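Residue-level listing of the chains:
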Amino acid sequence: MNTKIEIPIQKLNTIEDLKALRTHLKEETLNSNSKRVKICCGTACNANGSKKIIQAFEEESIKRDLNIEAIKTGCQGLCQKGPVMKIEPNGYFYVNASYKNVSEILSKTFSSNRTVRRLLYRESILNDPITLMDDLPFYNKQLRVVLMNNGNIDPCNINHYIAVGGYSALEKVLSSMTPDQVVDEVKRSNLRGRGGAGFPTGIKWEYTKNAPGNIKFVIANGDEGDPGAFMDRSLMEGDPQSILEGMFIAAYSVNARYGFIYVRHEYPLAVKTLAIAIKQAEMLGLLGENILGSGFDFSISIREGAGAFVCGEETALMLSIEGNRGMPRSRPPYPAIEGLWNKPTLINNVETLAQIPYIITKGADYYNAIGTESSKGTKVFALTGKVVNTGLVEVPMGITLKEIIYDIGGGIMNNKKFKAVQAGGPSGGCLSEDHLDLSVDFDSLINVGSMMGSGGLVVMDEDNCMVDIAKFFISFTQRESCGKCPTCRVGTYRMLDILEKITSGNGEEGDIERLERIGNLVKSGSLCGLGQTAPNPVLTTIRYFRDEYEEHIKDKFCRANVCTGLGVYRIDMAECFLCGRCKNACAFESVIETKDTFYIDKDYCTKCKACYLACPIGAVKIGSRVIPWVVPEQCEGCSDCVHACPVQGLKMYESENEGIFIPWMSNPDKCVSCGKCAAVCASAGIVLTTHVEDANKRFLSKKPKGLIQDEEEIKKLRQLATEFESVVLPELKK
């Protein structure tokens, strides 16, 4: 079994040599009629055992004497179903594969041309399985430009990249274009930076090209630190040569001789793959001195970052490369004029650079046909969260959020209700259901308080608390702040402090307004993009989910039951089957057991959620406090509610109509919100209300005439009952 193709040792000296090599490789390397399996070996599939699958294919193919090529590809996108693989030449697509399936795949698919049915993708057990990758809903609406080679080639084999047309743009640039023409082509494409800010790429290139100086640098920014984002990582792992080709074209256009790829140390597979790609490009003469006989020199080095989120900002990134602490500096001067080691420096995100070969090869007009008026081309997103099909997607600009989440992502997991989507990572904003039809482009997202960011999309359902989500993202940016700007350093800390107070049940009137005021101060007073966008998640959740903030502050209630310390805990006796697990789980003895019921004593309850988590049937409820509301016109005076009350909070009082008695509370604070009184009432004479203050005032101010029995008589009756049980009854039994 052939798993590796030897890299040619002979260096390519001219453009004609590269053309000849490509022609040869197209015929020999990826012949469309050859039998091969392309196995995803991205980080997610690696974690699920794709290496074992490769090993099993190697061993079984040798045993059976089969000539099958196994290709280790980068991320194929459908991470939720990994490991995934494509079978060629018939095009079958298998999901949730295992090394245990290899023998069956070889027997059925390669020997008999039949599918392994249980490995095919299906939306549900009621749907027919889908055989081909292109027929999957996940891939139908995608347009793969940056990711067109991910899943098709071995990222550690430069021959594969050349065979599918790689370095054609380099050929075109060196043979028929001047640096001015390259810059003009990029400007006409209207490509905007994919790192988050969306600055026009061609203009940045033009500034760098026109900057004085003989020494210039090109930097590929691969420092991806957003929670839930893995776009840049997957690109660096799956198609590193496209980044190198984009860097070469950028260097040629601005007359730079040195390049750096800045990638965080937490991406070991990306670092390893990039190092192999650079080495192979140098061996072939595509990097180094006198590239393809053009007289142009360009070399690339890798610089690993320590993982600071702020180093994604270009000025902090340059300081980190220089060996200093990564802290943003004021601009101007801009990096294009005075950047790395005070030399003109062109910095682009790796996804931006990977778009360049496509633009040069196809032309600016072709690229301009993709996307919207102000946002051209495609964008790669990491689709994560409460969505059925999480993974890596690339879509044309202008597609709606609804199409990404429901058509590509398959909708919300477990058929729950969509609540929000966080677009743009911690720098973006949380958008509500009203924004599902929003066009995904730079300007549309900014208009609603969010931003494109690097491309993270985190989907949330009804079980997510938006105040808690805002606290999570502000805690991330507060922790990652370099501390240089007081507004960012102190402002994010104060915002986090207020959010922690709100989510712990100690929120106060005015906290929402304080968050808005501090958030706007942080945005306007911070030096870099981190501080300027850090308040976005808080401000957008207040803007679109203000009712949840008000519930936390006024009602002390979290509708998603996420925030500990909020809500009233009660046991729904209509559901409870008296297993006692809630009582056993409570460390504070707040779950009280009576003869035929359990209830929670709110005076002892610490709201730790132990009983809530212990209940096997969900009978323990967390909600806003409820209290009985007596409807005299409906009450029949049966006193069932009085007998049902586990804390004896209800008593029968004579009403205004002489001889008619109704239940009433002399001490509303005694109520534990169990709801048993309303549950046993057959006439709807007593109902539950969340208007606790109104009910309390009513109970205390409109007290009926008097009890059926006075308090002394009740005490006397209870004493007699106790004496009967302890003294008289034992004597009678004797």
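As the structure is a prediction and not an experimental result, all values here were calculated from the model. (Residues numbered from 1 in each chain as written. Predicted model: local features only at pLDDT ≥ 70, side-chain atom pairs only at ≥ 80, totals over all residues. Heavy atoms only, no water.)

### Notes on the overall build of the chain
Looking only at helices and strands, the chain has 29 helices and 21 strands in total. Considering the chain as a whole, with its 734 residues, one finds that 55% of them fall into the buried category. In the chain, the proportion of contacts linking residues at least 24 apart, taken out of those at least 6 apart, comes to 71%. For the chain, the accessible surface area stands at approximately 32,200 Å², while carbon and sulfur atoms represent 49% of it. (Helix = DSSP H or I, 4+ residues; strand = E, 2+ residues; numbered from the N terminus. Buried < 20%, exposed > 50% of the residue type's maximum accessible area, 1.4 Å probe, protein only. Contact = heavy atoms within 4.5 Å. Areas by Shrake-Rupley, 256 points an atom, 1.4 Å probe, with all protein chains shown as cover.)

### What about the layout of surface pockets?
Taken as a whole, the largest pocket spans an internal volume of roughly 1,300 Å³. Looking at the largest pocket, it is lined by 48 residues, and the ones nearest its centre are Gly195, Gly196, Ala197, Glu313 and Arg331. Contributing elements (two or more residues each) for the lining of the largest pocket: helix H9 (201-210), strand S8 (345-349), helix H17 (442-447) and helix H21 (529-533). Residues of the lining of the largest pocket, tallied by class, amount to 17 nonpolar, 20 polar and 11 charged. (1 Å grid on protein atoms, 1.4 Å probe; cavity = no way out; pocket = protein on both sides within 12 Å on 5 of 7 lines; lining within 4 Å. Points joined across faces, edges and corners; volume = space filled by probe spheres on them. Nonpolar A, V, L, I, M, F, W, Y, C, P; charged D, E, K, R; others polar.)

### Description of the nonpolar core
Among the nonpolar cores identified, the biggest contains 75 residues, and Tyr167, Trp205 and Phe298 are the most heavily contacted of them. In terms of residue count, helix H11 (residues 240-254) provides more of this core than any other element does, 9 residues in total. The contact partners of Phe298, leaving out residues within four places of it in the chain, are Val218, Met247, Phe248, Ala251, Ala256, Arg257, Tyr258, Gly259, Leu287, Gly288 and Ile291. Among the nonpolar cores identified, the runner-up in size contains 37 residues, and Ile130, Phe138, Leu401 and Phe442 belong to it. (Core = buried A, V, L, I, M, F, W, Y, C linked by side-chain atoms within 4.5 Å.)

### Notes on the packing of helix H20 (residues 511-525) against helix H22 (residues 536-544)
Two quantities define a packed helix pair, namely the angle between the axes and the distance from one axis to the other. Look at H20 against H22: their axes get within 9 Å of each other, and the N-to-C directions meet at 140°. The angle between H20 and H22 falls in the class oblique. Where H20 crosses over H22, the two elements pack in a sense that is left-handed. Two secondary-structure elements touch here, H20 through Ile512, Leu515, Glu516, Gly519, Asn520 and Lys523 and H22 through Asn536, Val538, Leu539 and Ile542. (Axes fitted to C-alpha atoms, helices over the stretch in contact; angles between N-to-C directions. Parallel < 35°, antiparallel > 145°, perpendicular 65-115°, else oblique. Left-handed = near helix turned anticlockwise from the far one by under 90°.)

### Points about unusual backbone geometry
Negative phi values dominate among residues other than glycine, just as trans dominates among peptide bonds. Between Arg331 and the following residue, Pro332, the backbone shows a cis peptide bond with an omega angle of 0°. Tracing the backbone shows Pro332 in the loop between helix H13 (314-321) and S8. Cis peptide bonds are those with omega within 30 degrees of zero, and the linkage from Pro332 to Pro333 qualifies with 5°. Take Pro333: it is sitting in the loop between H13 and S8. Positive phi is not limited to glycine here, since Glu589 has a value of about 55°. Its location among the elements puts Glu589 in the loop between helix H24 (581-585) and strand S15 (591-593). Using a relative accessible area of 67% as the deciding quantity, one classes Glu589 as exposed. The backbone phi angle of Gln648 is positive, close to 55°, even though this residue is not glycine. Turning to its location among the elements, Gln648 is positioned in the loop between helix H26 (640-644) and strand S19 (650-654). In this structure Gln648 comes out as partly exposed when scored by relative accessible area, which is 42%.

### Observations regarding the pairing of strand S3 (residues 85-88)
Alternating residues of S3 divide into Met85 and Ile87 and Lys86 and Glu88, and every residue in both groups is buried. Where strand S1 (residues 36-40) meets S3, 4 bridges bridge the pair, whose relative direction is antiparallel. Paired with Ile39 across the strands is Met85, a residue of S3. As defined by bridge partners, S3 adjoins strand S4 (residues 92-94) across 3 bridges and the pair is classed as antiparallel. Along S4, the bridge assignment pairs Met85 with Tyr94. Between S3 and S4, which pair antiparallel one after the other, the connecting turn spans 3 residues, and Gly91 there sits at a positive phi close to 85°. (Pairing = 2+ DSSP bridges.)

### What about the environment of Pro227?
Within the element layout of this structure, Pro227 appears in the loop between strand S5 (217-222) and helix H10 (231-238). Residues Pro227 and Pro426 lie 199 residues apart in sequence; the distance between their C-alpha atoms is 7.4 Å. Look past the residues within four positions of Pro227 in its chain and what remains in contact with it is Pro426, Val458, Phe472 and Phe476.

### Some remarks on the side chain of Lys651
By the element assignment, Lys651 lies in strand S19. Polar side-chain contacts of Lys651 include one of 3.3 Å to the backbone oxygen of Gln648. (Polar contact = N/O pair within 3.5 Å; in protein donor to acceptor, adjacent residues only side chain to side chain.)

### Structural notes on the sheet that holds S4
If you walk across this open sheet you meet the 4 strands as S2-S1-S3-S4, and the pairing is mixed. The two strands at the open ends of the sheet, each matched to only one other strand, are strand S2 (69-73) and S4. Sheet twist, expressed as the average angle between the axes of neighbouring strands with direction ignored, equals 20°. Set on the sheet, helix H3 (residues 50-64) makes contact with S1, S2 and S3; between it and S1 the angle comes to about 160°. Of the strands in this sheet, S1, S3 and S4 touch helix H4 (residues 102-112), which is tilted by about 40° from S3.

### Let's talk about helix H23 (residues 546-555)
Residues Glu548, Tyr549, Glu551, His552 and Ile553 constitute the buried set of H23. Residues of H23 that are buried in the fold lie against strand S11 (418-423), helix H18 (466-480), helix H19 (486-503), H20 and H22. Just downstream of H23 lies Lys556, where phi reads positive at about 50°.

### Description of the environment of Gly424
When you line up the elements, Gly424 lands in the loop between S11 and strand S12 (429-432). Distance in space between the C-alpha atoms of Gly424 and Met283 is 39 Å, their sequence separation being 141 residues. If we skip the residues at most four places from it in the chain, Gly424 touches Asp226, Met451, Met452, Gly453 and Gly456.

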